[in-house]
Amino acid sequence: QVQLVESGGGLVQPGGSLRLSCAASGNINSINAMGWYRQAPGNERELVAVITRGGNTDYADSVKGRFTISRDNAKNTVWLQMSSLKPEDTAVYYCNVKGSYGSIQFVRWGQGTQVTVSS
């Protein structure tokens, strides 16, 4: 099975920065896209950023100019650099991977990592 391991969450003051990491392993031949979603209590899970294997990116309007997504295809790893953090960025952040193994296409989620922005 495909495993996603997230790290990098924590507590940071407003205006601070954090870098999240997500590494995929297991039965993977190719990863087409990797992304980050977030969910605060009582809210819907929302897309934060996504990056394709070719490097195309997309961001939620609320994080444009503050967050940067990047990836290392050889390592099946994606990062989310978060800067100028705001209290409203507080949420559980989930890594998402869309890939294939043989003829099988799959979508997998990481376990989630808590990001708390507070003074």
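The numbers attached to residues start from 1 for each chain and follow its sequence in the written order. With the structure being a predicted model, the display of local features is reserved for residues of pLDDT at least 70 and the display and counting of side-chain atom pairs for 80 or more, all residues being used for whole-chain, interface and lining totals. Working from all heavy atoms in the structure, the side-chain values ignore hydrogens and water.

A. Up close: the overall build of the protein chain. Where helices and strands are cited, they refer to DSSP runs of H or I of at least four residues and of E of at least two residues respectively, numbered from the N terminus. Secondary structure assignment for the protein chain yields 0 helices and 11 strands. Ordered by position in the sequence, the α and β elements of the protein chain form the string β-β-β-β-β-β-β-β-β-β-β. Only C-alpha atoms enter the radius of gyration, while the globule expectation follows 2.2 Å times N to the 0.38, with N the number of residues. The C-alpha atoms of the protein chain give 14 Å as radius of gyration, which agrees with the globular expectation for 119 residues (14 Å, within 12%). Along the first, second and third principal axes, the C-alpha atoms of the protein chain reach 50 × 25 × 25 Å. Counting the 119 residues in the protein chain, one finds 41% classified as buried. Only protein chains enter the area calculation, which uses a 1.4 Å probe; residues under 20% of their type maximum are buried, those over 50% are exposed, and those in between are partly exposed.

B. A look at the nonpolar core. Counting 31 residues, the largest nonpolar core has Trp 36, Leu 80, Met 82 and Tyr 93 as its most contacted members. Contributions of two or more residues to this core are made by β3 (18-25), β4 (30-39), β5 (46-52), β7 (67-72), β8 (77-82), β9 (91-101) and β11 (113-117). Only buried residues count toward a nonpolar core. Its members are Ala, Val, Leu, Ile, Met, Phe, Trp, Tyr and Cys residues joined through side-chain atoms within 4.5 Å.

C. Inspection of the packing of aromatic side chains at higher detail. Pairs were defined over the aromatic rings of Phe, Tyr and Trp, the Trp ring being its six-membered one, requiring ring centres within 6.5 Å. Orientation was assigned from the angle between planes: stacked under 30 degrees, edge-to-face over 60, tilted for the rest. Here the structure, examined in full by the defined rule, presents 1 aromatic pair. Each ring, one from Tyr 37 and one from Trp 109, has its centre 4.9 Å from the other, and the planes form 65°; the classification is edge-to-face. With a gap of 72 residues between them, Tyr 37 in strand β4 and Trp 109 in strand β10 (residues 104-109) connect regions that are remote in the sequence. Arg 45 extends its terminal NZ or CZ atom over the ring of Tyr 94, reaching a point 3.8 Å from the ring centre. Against the face of Trp 109 rests Arg 45, its NZ or CZ located 4.7 Å from the ring centre. Geometrically, a charge over a ring is one whose NZ (Lys) or CZ (Arg) sits within 6 Å of the ring centre while staying within 35 degrees of the ring normal.

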